[in-house]
Amino acid sequence: MKRRDFLRAGAMGAVAVSLGSSTVIAQTQKGTIKKAVKYTMIDEPSLSMTEKFQLLKNLGYDGVELESPNEFDTQEVIAARDSVQFPIHGIVDSVHWTQPLSSPDPEVRSAGVDGLNTAIRDAHAYGASTVLLVPAVVNKDISYADAYTRSQMEIRKVLPLAQELGIKIAFENVWNKFLLSPLECARYVDEFEHDHVGWYFDVGNVVTYGWPEHWIEVLGSRILKLDIKEYSRNKGDTEGPFAGFEVPLGEGDCDWPAVNAALESIGYEGWATAEVPAGERNYLKDVASRMDRILPTS
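Each chain carries its own residue numbering, running from 1 in the direction its sequence is written. Reporting in this predicted model follows two pLDDT cut-offs: at least 70 for local features of residues, and 80 or more for side-chain atom pairs to be given and counted; totals over whole chains, interfaces and linings ignore these cut-offs and use all residues. To get the side-chain values, all heavy atoms of the structure are used, and hydrogens and water are removed first.

1. Quick look at the sheet that holds strand E7 (residues 223-228)
Thought 1: Taken together, eight strands build a closed barrel; the order of strands is E1-E2-E3-E4-E5-E6-E7-E8 and the barrel is parallel. Each strand of the sheet is rotated relative to its neighbour by a mean of 30°, with strand direction disregarded.
Thought 2: Bridging between strand E5 (residues 168-172) and strand E6 (residues 197-202) involves four bridges; their strand directions are parallel. Bridging from a neighbouring strand, Ala170 pairs with Gly198 of E6. The pairing criterion for strands is at least two bridges between them, as found by DSSP. Put simply, DSSP marks the helices as runs of H or I at least four residues long and the strands as runs of E at least two long, and each gets a number from the N terminus on. Lines fitted to the C-alpha atoms define the axes, with helices restricted to the stretch that makes contact. Angles between their N-to-C directions range from 0 to 180 degrees.

Put into C-alpha cells, the structure is as follows:
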C-alpha cells in the first residue's frame, strides 16, 4: 500500500483499546529483533530532531528510519544521532512513488535514479545500512512486463554506488500491483546476481491476499529488514481495502506466532520498523508496547 495512506483518526482512537487476554504474545526467544519507527510517525512538532530521537529512545525504541531525499541538514542529523546515541538504521526512498523507475518517460526514470542515489549517499552519511525502495509501479499506462524490465535496468545503474558505500537496496512489497507472490519476489532479487539487493518485508501488506509466514519461508535470507503493521480482513472486506489497516498491532489477522516461527526458521535477527499512522508520545509508547508483545524484541 502507499505509505502513510491510513486514517489518522482511526489509528489514534485505537490507542485506547487495551491489550486483552487474546493478544498474541511472541513465542520465540526474546532479544533477537530491534524495534524502530519511521521518523514521520513522530507527531510532536514542538520538538527538535534531537529531542525526537531522545523521546524514541526513552520509549524503548532501538532506532529510527528517515526518508531521503529530504530537506534536513546532514550535519544536524548526524549531530542529533550522536548526541542521543540513537541509530538511524535505514532510509526510505522518498521519490519512488512520484518518480517511479517503471515510468515510460525516461526523464522521470532519470529523476528516480537521481533520488535513489541521493538516498544511498544519505544512508551512508547517517550510518544506515539500507535504502527501502518500491522498485516499480504498475498501472493502466505501465505494463507489468515493462515495469519489470525498466526497473531492473534503472536499479542496476545505482548498484556500483551502493556497493562502494556499503548500502543495500531493499525492495518492499506494497500495493503497487507488482511482484505479487513471494516466488516472483525471490526471482526478481536473484536476477540481479548482486549482494547489495534484498527484500524489505512488510508483514501487514500481504495479509489481504496471503499469509506472511509463507512469504518469509520463501524469501528466506533475502529478507534484510521488516516493516510491521496489522491488517483486518473483515474490515477490509466490509469497509474497503485500506480500512483493513485501521486496527492496532496485535488485534488484526496477522498470525504473529506463525510469523515469529518463520523468522526463527530463517535465522532472522535485525530491524523491525513500525509503519503505522503518526501520533504523540503516548501513542508511540503504546506502539512500542505492542511491538514487544507480538515480536521477540530486545
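2. Quick word on helix H2 (residues 49-58)
Thought 1: Taken residue by residue, H2 has Met49, Lys52, Phe53, Leu55 and Leu56 as its buried positions. Viewed along the axis of H2, the buried residues span an arc of 155°, placing them on a single side of the element.
Thought 2: Note on contacts: a residue pair qualifies if any of its non-hydrogen atoms lie within 4.5 Å across the two residues. Packed against the buried residues of H2 are strand E1 (33-38), strand E2 (63-68), helix H3 (74-84), strand E3 (88-93) and helix H10 (281-294).
Thought 3: Positive phi appears at Gly60, one or two residues downstream of H2, with a value of about 100°. Each residue is assigned to one of three classes by its accessible area relative to the maximum for its type, calculated with a 1.4 Å probe on protein chains only: buried under 20%, partly exposed between the two thresholds, exposed over 50%. It is the directions from the helix axis to the C-beta atoms whose arc is reported.

3. Section: the nonpolar core
One recurring pattern in soluble globular proteins: nonpolar side chains tend to sit buried together.
Thought 1: Note on terminology: a nonpolar core comprises buried Ala, Val, Leu, Ile, Met, Phe, Trp, Tyr and Cys residues joined through side-chain atoms within 4.5 Å. Core analysis: the biggest nonpolar cluster contains 81 residues, and Phe53, Tyr61, Leu66, Ile169, Phe171, Phe201 and Ile228 have the highest contact counts within it.
Thought 2: Excluding its chain neighbours within four sequence positions, the residues that come into contact with Phe171 are Leu133, Pro135, Ile155, Tyr188, Val189, Phe192, Val197, Gly198, Trp199 and Tyr200.

4. Observations concerning the pattern of salt bridges
Thought 1: Here, a salt bridge means any side-chain nitrogen of Lys or Arg that lies within 4 Å of a carboxyl oxygen of Asp or Glu. According to the stated counting rule, one finds 15 salt bridges in the structure shown.
Thought 2: In this structure, a network of salt bridges that share partners links the residues Lys38, Glu65 and Asp227.

5. Brief notes about the pairing of E2
Thought 1: Of all six residues making up E2, five are buried, and the element is well covered by its neighbours.
Thought 2: The pairing of E1 with E2 spans three bridges and is parallel. Note on E2: the bridge partner recorded for Ala36 is Gly63.
Thought 3: Here is how to tell: hold the view so the strands point away, follow the path from the first strand over the helix to the second, and if it runs clockwise the crossover is right-handed. Between the parallel elements E1 and E2, the chain passes through H2 in a crossover that is right-handed.
Thought 4: Alignment of E2 against E3, held across five bridges, turns out to be parallel. Paired with Glu67 across the bridge in E3 is Val92.

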